[in-house]
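Residue-level listing of the chains:
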Amino acid sequence: MKQVMTGNTAAAWGVRLARVDVIATYPITPQTTIMEKLAEWVEKGEFPAQYIQTESEHSSLAACIAAASVGARTYTATSSHGLALMHELLLWASGARLPVVLTDVNRALAPPWNIWTDHIDTVAERDTGCLQLYCESNQEVLDMMLFAYRVAEDRQVLLPMMVIEDAFVLSHTSEIVDVPSQEIVDQYLPKFEPEFRLDPSEPFGLGSVAMPDQFMEFRYRASLAMDRAPEVIRKALGEFERAFGRSYGGLIEEYRCEDAEVALVVAGSAASTAKAVADELRREGHRVGVARLRVFRPFPVEEIRALGKRISTLGVLERAYAFGPNGAFTTEIKGALLGLLAPPRVKNYIAGLGGRDIRPEEIRRMFLDLERVSQAGLDREVEWVGVQGLRWAEGIP
Amino acid sequence: MTRKTIPEPEYVLPGHSACPGCGGTLAIRYMLKALGPEVIIAVPACCWAIVPGYWPQCALRVPVHYNAFEATGAAIAGLRAGLDALGRKGVTVVGFAGDGGTVDIGLQALSHSAVRNVDAIYVMYDNEAYMNTGVQHSGETPIGAWTTTTPVPGATLRAREPKKDIIAILAAHQIPYAATVSVGFPEDFVKKVQKAQRVKGLKFIHALTPCPAGWRFDSSKTIQVAKLAVDCGLFPLYEVENGRWIISRKTIHHTLDAYLKVQGRYGRTPPEIVQLIQQQIDAHWQRLLALEAFTAAGAPGSAPAPTPPPSGAAVDSRLAQDAAP
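Fair warning: this is a prediction, and the values are worked out from it, not measured in the lab.

Helices and strands together make up the secondary structure of chain B, namely 12 helices and 8 strands. Its C-alpha atoms give chain B a radius of gyration of 19 Å, near enough to 20 Å, the size a compact globule of 325 residues would have. For the C-alpha atoms alone, the extent of chain B along its principal axes is close to 55 × 55 × 50 Å. The 325 residues of chain B split such that 51% are buried.

Structure, rendered in structure tokens:
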């Protein structure tokens, strides 16, 4: 059934349709309307979940981990500082191999205080073993909630997963969303049946001490799960398309990249703007494309290399500053491309921090700059875009 | 013939790695004997995160959910919610945490589960310092005790702060049941844990568990030390049941010197510190007596024995009370 709803309501619908057993959340802008919507349904008796409002995001995830270890399907949602506070427990969930699913509404971290879109909160958690999936639309937010449980609970994976949406641009903006029927969702997403669960009938310890002669095997097994995750994701996306009739491409969604000379890699809602600009430039005869980075963990090495084999110049538009030589997406993309005999040139654009608009004319300028790089070579590896008084992509009219 | 009041089944198996004379080990042993096998325990970073043994061994015959240091209060809430959601009935959820993991880093999560009146038992085994990391000061380290991190310029290392009164803190949360126990009095220990198991809501047990390694006494003297602490009034045994304060052992003896002398951590305690400790004991005892009288049935401070609200509904019912004229 089609309804008009915000990204946060779409996330809540995903949780409800996934028949989550335990919800534990703590308020933070711009996530809060997700937990409010869930509380409303629980109160009305429309959604029979155990609902805990905790006293911190740390406790939200700790409660989900405990509930998951007795076999419950669990959910939490957060943003920004809340995700940073969960850091310890993201590692705990992946270490204990518990498939907790969460929504993160991307938001900047203070100081200065800022409640708007910025990808640094999730980018900073890239090493925690939590799978990361960035959404472009409210429909994708709902769909990927269902998808996330399917992937995280797969016994080939068993890792926590976060579904990510941009603050306000998606979280508080209404779009038409097709809410699937419970029957179809139930067919796609069966009940969570873990192989092990804590129960007095068969006592064991979950998370006990492992000595140096044991510890590496735990992490190695988790790394195998991470390595298997791309294939599980590809397969689950195919099944999603068959069940719901909607396709999301893959770990990376390529848009007009087939014969492109240059392409811009971008995650989140800015991809929509980039696609519109690519259409415009195509009409003018430019061979440009967009590669939307949907899944950052597991990192789509294969997809990035396939792109790098065909396209000589890649731009990476990042909505986060990672305090490194370039953005974190760029570091990993460059790392994957080093496996090629002739890797493409890679230029990093940092834009849209703290909710600043990424305007079509700026993206147009990025594409033209990339064409120049394609001809003349790379002069600057990183450009900050849209900073007041700062010139960038010099030489482009 | 004496009547057996302590159940025989053992849930702590041989082969654990506790130090000889460990009070914490006696605490978990008595606790599990009292509760029986239908239990899941949540254990944060503390001695008992290590003592059950290295993976895959576990010296406990009940399932253990190991959790992050500050997360025991949240873990018991999650375990209860998960069991409820799946319709798994009859399981007692227990948090078993040290003093630092409870009154310092774990206080926030515990406070919230107390306010929500989560149906679980939280047992704090109190060895009065961070013992697993080697005797650092905690919120439960008493005045005058030596630790490795209580520097007093020009003197030996001694704590200057009083023990955090965790029972008063929990009583202020209006939980249905809180009690102190000592491993020196196992019958009292078991009786109170069994009582806690019969009550719905959040129950808190403060267990004094002497630590030979950290308190610097011979490992054969754990029970003696645990008894002396109670007898001298430094660790009185009492309950707070639905707001009613009840002292379990009415008499205190003036045995503070004997208690201090047997432990190396109080070595060469200056007389003025001993005097300060005694004053503190007397004041605390007087306060307990007054609270007991004030909250006794029919006394001005007595509350009508409330029905403990179900998990999650605690805040609502209290708001309703506040709103009443």
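With that settled, consider the overall build of chain A. Summing up its helical and strand segments, chain A has 13 helices and 16 strands in all. Computed over the C-alpha atoms, the radius of gyration of chain A is 21 Å, within 12% of the 21 Å expected from 2.2 N^0.38 for a compact globule of 397 residues. Projected onto its principal axes, the C-alpha coordinates of chain A cover approximately 70 × 55 × 45 Å. Counting all 397 residues of chain A, 55% fall into the buried class. Relative to all contacts within chain A whose residues are 6 or more apart in sequence, the contacts with residues 24 or more apart total 81%.

Moving on, we come to the sheet that holds strand β3 (residues 50-53) of chain A. Residue and element names in this part refer to chain A. Across the sheet, which stays open at both edges, the 7 strands sit in the order β3-β2-β4-β5-β7-β6-β13 with mixed pairing between neighbours. The open sheet has two edge strands with one neighbour each: β3 and β13 (295-297). Here the strands of the sheet are splayed against their neighbours by 20° on average, with no regard to which way each runs. Strand direction decides the pairing type here: strand β2 (residues 22-25) and β3, joined by 4 bridges, are parallel. If you follow I23 over to β3, its bridge partner there is Y51. Along the sheet face, helix α2 (residues 32-44) touches β2, β3, β4 (74-78) and β5 (101-106) and points at about 135° away from the line of β3. Sitting on the sheet, helix α3 (residues 57-69) touches β2, β3 and β4, and the angle it makes with β4 is about 165°.

Helix-helix packing: each pair is described by the crossing angle between the helix axes and the interaxial distance. All names here are of chain B. At a minimum axis distance of 8 Å, the contact between helix α1 (residues 23-35) and helix α7 (residues 186-198) shows a crossing angle of 50°. By the angle between their directions, the pair α1 and α7 is classed as oblique. Crossing of α1 over α7 shows right-handed handedness. When α1 is examined against α7, the residues Y30, M31, K33, A34 and L35 are found in contact with a partner set consisting of P186, F189, V190, V193, Q194 and Q197. Taken together, the residues of the contact of α1 with α7 sort by class into 8 nonpolar, 2 polar and 1 charged.

Next up on the list: helix α5 (residues 87-95) of chain A. Residue and element names in this part refer to chain A. When we look at burial in α5, the residues that qualify are L89, L90, W92, A93 and S94. Packing partners of the buried residues in α5 comprise α3 and α9 (212-244). Taken from the residues just after α5, R97 is the one with a positive phi, measuring 60°.

In this section: the nonpolar core. Judged by nonpolar contacts, the single largest core of 225 residues is most densely connected at A:I65, A:A148, A:A263 and A:V265. In terms of residue count, helix α7 (residues 138-152) of chain A provides more of this core than any other element does, 10 residues in total. Of the domains in this structure, domain 1 (2-244) and domain 2 (253-384) of chain A are the two that each give at least three residues to this core. Those residues in contact with A:I65 that lie beyond four places of it in its chain are A:L89, A:W92, A:A93, A:A96, A:L98, A:V100 and B:G78.

Residue and element names in this part refer to chain A. Taken in spatial order, the 6 strands of this open sheet run β10-β12-β11-β14-β15-β16, and their pairing is mixed. Edge positions in the sheet fall to β10 (252-255) and β16 (382-384), since each has one partner strand and no second. With direction set aside, neighbouring strand axes in the sheet form an average angle of 20°.

With that out of the way, let us pick up the domain arrangement of chain A. Residue and element names in this part refer to chain A. Domain annotation of chain A identifies domain 1 (2-244) and domain 2 (253-384). Counting residues at the interface gives 25 residues for domain 1 and 23 residues for domain 2. At the level of elements, α6 (120-123), β6 (131-134) and α9 are the ones that each hand at least two residues to the side of domain 1 that touches domain 2. Looking at the side of domain 1 that touches domain 2 residue by residue, the class counts come to 16 nonpolar, 5 polar and 4 charged.

Residues and elements named next belong to chain A. For α3, spanning 13 residues, the distance from its first C-alpha to its last is 18 Å, which sits close to the expected 18 Å at 1.5 Å a residue. α3 sits mainly inside the fold: 13 of its 13 residues count as buried. Looking at the residues trailing α3, positive phi occurs at G71, about 105°.

In this section: the interface of chain A and chain B. Tallying the contact residues gives 37 residues for chain A and 36 residues for chain B. Mapped onto the side of chain A that touches chain B, the elements with two or more residues apiece are β2, β3, α3, α5 and β9 (205-206) of chain A. No other element matches the 9 residues that α3(A) contributes to the side of chain A that touches chain B. Within the side of chain A that touches chain B, the residues separate by chemical class into 22 nonpolar, 11 polar and 4 charged. Sheet topology places β9(A) next to strand β2 (residues 64-66) of chain B; 2 bridges connect them, and they run parallel. Among the inter-strand pairings, A:L206 is bridged to a residue of β2(B), identified as B:H65.

Turning to the environment of B:N242, a few remarks are in order. The residue B:N242 is located in the loop between β7 (238-241) and β8 (244-247) in this model. Taking the C-alpha atoms as reference, B:N242 lies 8.8 Å from B:A178; in sequence the two are 64 residues apart.

Next up on the list: the pairing of strand β15 (residues 345-350) of chain A. Residue and element names in this part refer to chain A. A large share of β15 lies buried, amounting to 5 of its 6 residues. Both β15 and β16 contribute to a ladder of 3 bridges, which runs parallel. By the bridge assignment for β16, I350 is matched with W384. Note on the crossover from β15 through helix α13 (residues 360-376) to β16: the handedness is left-handed.

Note that the residue after A:A110, namely A:P111, is joined by a cis bond; omega there is -10°. Position of A:P111 among the secondary structure elements: in the loop between β5 and α6. Cis peptide bonds are those with omega within 30 degrees of zero, and the linkage from B:W55 to B:P56 qualifies with 0°. Tracing the backbone through its elements, the reader meets B:P56 in the loop between α2 (47-50) and β2. Even without being a glycine, A:R19 presents a positive backbone phi close to 55°.

Before going further, it helps to spend a moment on the pairing of β5(A). Side-chain positions along a regular strand alternate between the two faces of the sheet. Residue and element names in this part refer to chain A. Most of β5 is tucked away: 6 of the 6 residues are buried. Both faces of β5 are covered, namely the face carrying V101, T103 and V105 and the face carrying L102, D104 and N106. With 4 bridges joining them, β4 and β5 adopt parallel strand pairing. Residue pairing across strands places T78 opposite D104, the latter belonging to β5.

The rules we used
Residues numbered from 1 in each chain as written. Chains lettered and ligands numbered in written order. Predicted model: local features only at pLDDT ≥ 70, side-chain atom pairs only at ≥ 80, totals over all residues. Helix = DSSP H or I, 4+ residues; strand = E, 2+ residues; numbered from the N terminus. Rg over C-alpha atoms; globule rule 2.2 N^0.38 Å. Buried ≥ 20, exposed ≤ 12 C-beta atoms within 10 Å, placed from the backbone. Contact = placed C-beta atoms within 7 Å. Pairing = 2+ DSSP bridges. Axes fitted to C-alpha atoms, helices over the stretch in contact; angles between N-to-C directions. Parallel < 35°, antiparallel > 145°, perpendicular 65-115°, else oblique. Left-handed = near helix turned anticlockwise from the far one by under 90°. Nonpolar A, V, L, I, M, F, W, Y, C, P; charged D, E, K, R; others polar. Core = buried A, V, L, I, M, F, W, Y, C linked by C-beta atoms within 7 Å. Domains from an automatic or database assignment. Expected span 1.5 Å × (residues − 1). Right-handed = clockwise from strand over helix to strand, strands pointing away.

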